Amino acid sequence: MARRQARAARLFIAPNLVAVAVFLVFPLGFSLYLSFQQWDMFGPIRFTGLGNFRRLLTSDPLFTIALRNTIVFTLGTLIPTVSISLVVAATLNRGVRGTGFFRTVMFLPLAISSVVMAVIWRFVFDTNNGLLNMMLGRLGIGPVPWLVDPRWAMVSVCLVSVWKSIPFATIVLLAAMQGVPADLYEAAKIDGAGAIRRFASITLPLIRGALSFVFVISIIDSVQAFDQIYVLTGGHGGPETGTYVFGIMIFQNAFAFGDAGYASAIAWLIFVVLLALTVAQLWFARKNSADR
Amino acid sequence: MLVGRRAFLHAATGIGAALAMPALGGCGGDDDALTFFFQANPAEADGRQRVIDEFARRNPDIRVRTLLSGPDPMQQMLTFCAGGKCPDVLMAWEQTYAGLADRGVLLDLNIMLDRDPAFAAELAAGGVAALYDTFTFEGGQYALPEQWSGNFLFFNKALFDEAGLRPPGRWEDAWSFAEFLDIARALTERVRSGEVRQWGFVDSWVPYYSAGLFAINNGAEWARPRTVPGRSVFSDDAFVEGVQFYADLANRYHVAPAPADQQSISAMDLFAQGRAALAMGGHWRYRTFADADDLDFDVTALPSGSARRGARSNIGTTGLAISAASRHREQAWEFLKFAAGPVGQAVIAETGLFVPALRSAVRSTGFAEAHRDIGNLDILIDGPAHSAPLPVTDQWPRIDALMDRYMGPVLRGIAPATSLADRLAPEAEEVLRNP
């Protein structure tokens, strides 16, 4: 009986395992293999050893540009996302009036695809007739060249990314906040602690796990960003190199220049950096919990 | 009837496998139709379909399945062909086909032409050599041109008549840069608030290519030599001055919209709505403008900044290529012979879809009839003879990315064109020397 059940279980998970092997494990392994090769997707594959990585780190001027832009984009997305999500989650947790409506509106970005979202935002960012500049104009602020000037273009993609990231971060933080025992707040209230003090001394320490999870996921999302940037500012990461991040760099090398080996090397370098960050975050989280 | 667990599992596995089979089989492998990949705007797509329909009518045994390209055809072709599903017939662009030819994606059509000497002789006698030469790369002929799609100027006849201006009717009689600027100034109108009501000049091409074309009209060249160039020309004085003049039209003289002005309304719409006197573009805009309400337009030459008399366009040709891996090589060749040969070119001429590549078609009554509202037909007829080819190199995507990056500040007016000599030129040179 147990053997029959085990066999049935294997049969049930087999399709998923095949899918994981074909669409995840194989591409991962193949891209790692390609990162040490030179391949234009048609001709023979030539072994280059660490050549792609050496070229990336020593002689490609776009690497430093992509690195700088990716860091700016990550910070420009991470800090507002976490700050706003904390405030929103805290507000929803307190059950203010109209929470249902507020929650629906907040979570709308989760239901829209990145490409559709970016197309809509293009209209919002229009310099002369865009919604944003029309609103700023009413406040007496001159038109901002959102997607035309390289620096403003980076601000624009950060804004869109923050808008897109807030719902997920809010859900995670809200779930964590709802797990904080209410009696702690009552005790603090009796001791005379105000709302801000209660938030800083009770909520934040007790949702630290969720907070660090949001941090890591936001960083990974930001470093992997591609679709919204591609739709908003094009496949060259323009204007000029204003939004040239690693996602665009990988795409450009793989599909515009047909340099699959080099694109794989960039992807694996990013993977290693992200893995290091994640491991460091886990280590700090464990260390902190052990200290407590 | 009760179904046992084992029977259920077997059935589920069978149904799953059956459902997965078509997906795993990939797209396009399901029939024997000839697949034809091309890019066209909606107005063009109609004309293109008429050519395909005519081919189908004359060749009922060959079925053609069309694949309309998205915004980035090169990326799409690379993906299709790298994935083993290369369309049989592919549209080829002068500046990008070399990347596919170099990778062995495209069939060297000399193989087919050698087998068909009568057709080859017909093309050699009736075709514009420059268009055919554009598709020769490292000794191979990788596409047959089907059209000349260089840039020229569309002008609004009513606005010119009102201003008492008469634009040139031939490439040899082109305006000078100074005359062009005066005309663009005269035709730019502002309302009292300073907002522009009517632009003197708008550009519907890719701005950094357009800037390059103005440089070509200032006496520069795109690259040396034309095929597999070894050095760039981005630091040449003539190139820098030409690009600066183009950038100044928007940023200094304010007779053309700046990049920000075109976010909400395209150059094409500005011209189609009668809010621009001159629009730079190629014949691919013709149908859109011809279909626009209350727009009476004609065509004229680009301005010339060099001492040399007359102006030049870019060859801008597109052709048809056959995939080297095509299983329908013979049918594909029949299609190419039709579209690029006398019969298909005559059909193209009648549809007004393109400026055909064969002289007999471009000088035909059908072509003149399809452009009966165009007074300066010589601009189209003589266009190929007054065109400078873009460089042919498999490194063009990298040069293209560099041009986009370094011409951006110049076109936005925050850097002078002389900056191209310090930044664009050396990097382009490096790409060309060490691919």
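Up top you'll find the structure we're talking about.
What you see is a predicted model, and the numbers here were worked out from it, not measured in a lab.

Undergrad: What should I look at first to understand the state of the cysteines in this one?
TA: A covalent bond between the sulfur atoms of two cysteines is what we call a disulfide. All names here are of chain B. Throughout the structure, instances matching the rule amount to one disulfide over all chains. Disulfide pairing is shown between Cys81 and Cys86; the S-S distance is 2.0 Å. Its S-S torsion of about 55° marks the bond between Cys81 and Cys86 as right-handed, since a negative value means left-handed. Taken individually, Cys81 and Cys86 each receive the classification buried, so the pair is uniform in this respect.

Undergrad: Looking at this structure, I do not really get the packing of aromatic side chains. What am I missing?
TA: Applying the stated criterion across every chain yields a total of 48 aromatic pairs over all chains. Taken together, a centroid distance of 5.0 Å and an interplanar angle of 40° make the contact between A:Phe226 and A:Phe251 tilted. Separated by 25 residues along the polypeptide, A:Phe226 in the loop between α10 (208–223) and α11 (227–233) and A:Phe251 in helix α12 (residues 246–256) bring together distant segments of the chain. For A:Phe226, a relative accessible area of 24% gives the class partly exposed. Summarising the aromatic geometry, the rings of B:Phe119 and B:Trp333 are spaced 5.7 Å apart at their centres and angled 90° between planes, so their arrangement reads as edge-to-face. Within this pair, whereas B:Phe119 is found in helix α6 (residues 117–126), its partner B:Trp333 is found in helix α14 (residues 329–340), the two being separated by 214 residues in sequence.

Undergrad: Just to check I follow, could you spell out the pairing of strand β9 (residues 196–203) of chain B for this structure?
TA: Regular strands place side chains that alternate from one sheet face to the opposite one. Residue and element names in this part refer to chain B. Burial within β9 is extensive, with seven of its eight residues counted as buried. Here two bridges tie strand β8 (residues 189–190) to β9, and the two strands are oriented antiparallel to one another. Each bridged residue has a counterpart across the sheet, and for Arg190 the counterpart in β9 is Val196. A loop of five residues connects β8 with β9, the two strands running antiparallel in sequence, and Gly194 in this loop sits at a positive phi of about 100°. Relative to strand β12 (residues 276–282), β9 runs parallel, the two sharing four bridges. The residue of β12 that forms the bridge with Trp199 is Ala276.

Criteria and cut-off values
- Residues numbered from 1 in each chain as written.
- Chains lettered and ligands numbered in written order.
- Predicted model: local features only at pLDDT ≥ 70, side-chain atom pairs only at ≥ 80, totals over all residues.
- Heavy atoms only, no water.
- Disulfide = S-S within 2.5 Å.
- Buried < 20%, exposed > 50% of the residue type's maximum accessible area, 1.4 Å probe, protein only.
- Phe/Tyr/Trp six-rings, centres within 6.5 Å; stacked < 30°, edge-to-face > 60°.
- Helix = DSSP H or I, 4+ residues; strand = E, 2+ residues; numbered from the N terminus.
- Pairing = 2+ DSSP bridges.

Function cannot be inferred from these measures alone, as they are strictly geometric.
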